[in-house]
Amino acid sequence: MGIEKCTFIDMPIINDPRGNLTFVEGQRHIPFDIKRVYYLYDVPGGAHRGGHGHKQLHQLVIAMSGSFDIVLDDGERSRRYHLNRSYYGLYIAPMMWREMDNFSSGSVCLVLASEPYDESDYFREYDVFKAATVLKKAGG
Ligand code: T46
């Protein structure tokens, strides 16, 4: 799975003078069923989050409020994405190392995930992640 699998996904917007509404359905707007929702908030200025990879997890990351950056790395290439709207999200495929920074004051990061929390799905060391991507590429 290369970094090109990770793309911005636009969600529907129901415009309404009372306020706009956006919705997301698993397997319709995003390529997985949603089994977990979590969010980051009260992130102090200058904080970094992430710094790990996931073996099987698919995610959609949305800036519900404010803005932040995500740097994805597939073991060979890396790319920085800026999120600043609640009507699109960044789809993150499995086997991507991610770092998050540049959080604006009051930002809220919502994550829709394909699996419940499972620490054994994490790569916490970049070297281990990198070795796994090489193995996967070789068909291991
Ligand atoms: C990612 C970014 C965007 C739980 O107990 N349950 C959960 O569902 C999650 C996500 C975390 N935790 C615990 C595990 C750790 O002790 O909360 C602590 C911090 O978790 P983590 O290191 O995963 O936090 P972040 O903010 O660095 O990363 C999280 C996601 O794990 C990750 O997949 O992409 O948000």
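Residues numbered from 1 in each chain as written. Predicted model: local features only at pLDDT ≥ 70, side-chain atom pairs only at ≥ 80, totals over all residues. Heavy atoms only, no water.

**As for the sheet that holds strand 8 (residues 78-83)**
And step 1. The five strands are arranged 8-7-10-5-12 in an open sheet whose pairing can be described as antiparallel. If you trace the sheet from one side to the other, it starts and ends with strand 8 and strand 12 (122-123), each paired once.
And step 2. Pairing between strand 7 (residues 68-73) and strand 10 (residues 97-101): five bridges, direction antiparallel. When the bridges of strand 10 are listed, Asp69 appears paired with Asp101. (Pairing = 2+ DSSP bridges. Helix = DSSP H or I, 4+ residues; strand = E, 2+ residues; numbered from the N terminus.)

**Structural notes on the state of the cysteines**
And step 1. Counted according to the given criterion, the structure contains zero disulfides.
And step 2. The thiol sulfur of Cys109 is not disulfide-bonded, and the nearest other cysteine sulfur, from Cys6, lies at 15 Å. (Disulfide = S-S within 2.5 Å.)

**Considerations on the pattern of salt bridges**
And step 1. One pass over the full model with this rule turns up nine salt bridges.
And step 2. Measuring nitrogen to oxygen at the nearest pair gives 2.9 Å for the salt bridge that ties Arg80 to Asp69. Residue Arg80 is found in strand 8, and its partner Asp69 is found in strand 7; the two are separated by eleven residues along the sequence.
And step 3. Exposure remark for Arg80: the relative accessible area of 48% places this residue in the partly exposed category. (Salt bridge = Lys/Arg side-chain N within 4 Å of Asp/Glu carboxyl O. Buried < 20%, exposed > 50% of the residue type's maximum accessible area, 1.4 Å probe, protein only.)

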